[in-house]
Amino acid sequence: HMAIVEVMRAQKSSPSSQQEVSIFQLLRSMEDFLIKKYRRKGGEKHTTAVADSREPKGFSQGAVESMDVTIVIKFENWLMHLVKVIEKCAGEHIEFWSHLESLLPDLNELNRIGLNILQSSRSIEEIWRKINKINPNHPKALNTYG
């Protein structure tokens with residue numbers, strides 16, 4: 001999934017016309033691969049260990065059968081964004097407590113940092129709801145949010 005994101009970034013970086021053709025072909029072949037991998041026709045279940053290893057980790061069989069490539073990419077993007085916002089919020093908590101430990105804490109600064117924490121927390125909740133709508137039982141997402 002990350003490879004598709006990287007190819008899309010390359011596509012936005014003003015490549016030459018020859019590079020655009022190569023990017024288009026690569027993107028198309030990757031999308032075809034993912035469509036074949038995630039959209040199984042006829043509900044066929046694999047029983048071999050090799051076939052089972054190709055299953056995306058954290059997604060149930062029913063979710064895989066009905067999953068669209070754009071949903072997978074959207075899920076990955078929201079998960080990366082969630083990690084960044086959680087890291088930002090954790091840094092703001094550290095900054096808040098370090099200001100609070102000073103002998104004469106600046107109340108205006110504490111108020112500003114507290115409002116930033118509140119905004120980050122709300123953003124985390126909103127992103128989590130979006131991720132949860134796509135796949136509520138993804139282990140990496142649950143671990144990150146927890």
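You'll find the structure just up there.
Think of each chain on its own: its residues are numbered from 1, step by step along the sequence as written. Confidence filtering applies because this is a predicted model: local features only for residues at pLDDT of at least 70, side-chain atom pairs given and counted only at 80 or more, and all residues used for totals across whole chains, interfaces and linings. The side-chain values count all of the structure's non-hydrogen atoms but skip hydrogen atoms and water molecules.

1. Looking at the overall build of the chain
Phase 1 of the analysis: Each helix is a run of H or I in the DSSP string that is no shorter than four residues. Each strand is a run of E no shorter than two, and both are numbered from the N terminus. Helix and strand content of the chain: seven helices and zero strands.
Phase 2 of the analysis: Listing each helix as α and each strand as β along the chain from the N terminus yields α-α-α-α-α-α-α.
Phase 3 of the analysis: Burial status follows relative accessibility: with a 1.4 Å probe on protein chains alone, a residue under 20% of its type maximum counts as buried, one over 50% as exposed, and anything between as partly exposed. Looking at the chain residue by residue over its 146 residues, the buried ones come to 25%.
Phase 4 of the analysis: Counting every atom, the chain has about 10200 Å² of accessible surface; 56% of that belongs to carbon and sulfur. Areas reported as accessible are Shrake-Rupley estimates using a 1.4 Å probe. Residue values count occlusion only from the protein chains shown.

2. Observations regarding the packing of aromatic side chains
Phase 1 of the analysis: For Phe, Tyr and Trp, where Trp contributes only its six-membered ring, two rings pair if their centres lie within 6.5 Å, and the inter-plane angle classes them as stacked under 30 degrees, edge-to-face over 60, or tilted in between. Counted according to the given criterion, the structure contains two aromatic pairs.
Phase 2 of the analysis: Relative to Y145, the ring of W128 lies with its centre 4.3 Å away and its plane at 10°, an arrangement referred to as stacked. With W128 in helix α6 (residues 107-134) and Y145 in helix α7 (residues 139-145), this pair connects stretches of sequence that are 17 residues apart.
Phase 3 of the analysis: Since its relative accessible area comes to 31%, Y145 is described here as partly exposed.

3. A closer look at the nonpolar core
Phase 1 of the analysis: Residues grouped as a nonpolar core are buried Ala, Val, Leu, Ile, Met, Phe, Trp, Tyr and Cys residues, joined through side-chain atoms within 4.5 Å. Judged by nonpolar contacts, F75, L79, L82, V85, C89, I113, I117, I124, I127, W128, I131 and A141 together constitute the single largest core of twelve residues.
Phase 2 of the analysis: Of all elements in the fold, only α5 (69-100) and α6 reach the threshold of two or more residues within this core.
Phase 3 of the analysis: Looking at which element gives the most residues to this core, the answer is α6, with six residues.

4. Remarks on α6
Phase 1 of the analysis: If you check α6, its first and last C-alpha atoms are 41 Å apart, about what 28 residues at 1.5 Å a residue would give, namely 40 Å.
Phase 2 of the analysis: Residues of α6 that are buried in the fold lie against α5 and α7.
Phase 3 of the analysis: Under the rule applied, a polar contact is a pair of N or O atoms within 3.5 Å (in protein, one hydrogen donor and one hydrogen acceptor; residues adjacent in sequence only if both atoms are side-chain atoms). The N-terminus of α6 is capped by D106, whose side-chain oxygen sits 3.3 Å from the backbone nitrogen of N108. Expected helix span is given by 1.5 Å per residue-to-residue step, counting one fewer step than there are residues. Two residues qualify as a contact provided that any one of their heavy atoms is within 4.5 Å of a heavy atom in the partner residue.

Worth remembering: the numbers are spatial, not functional.
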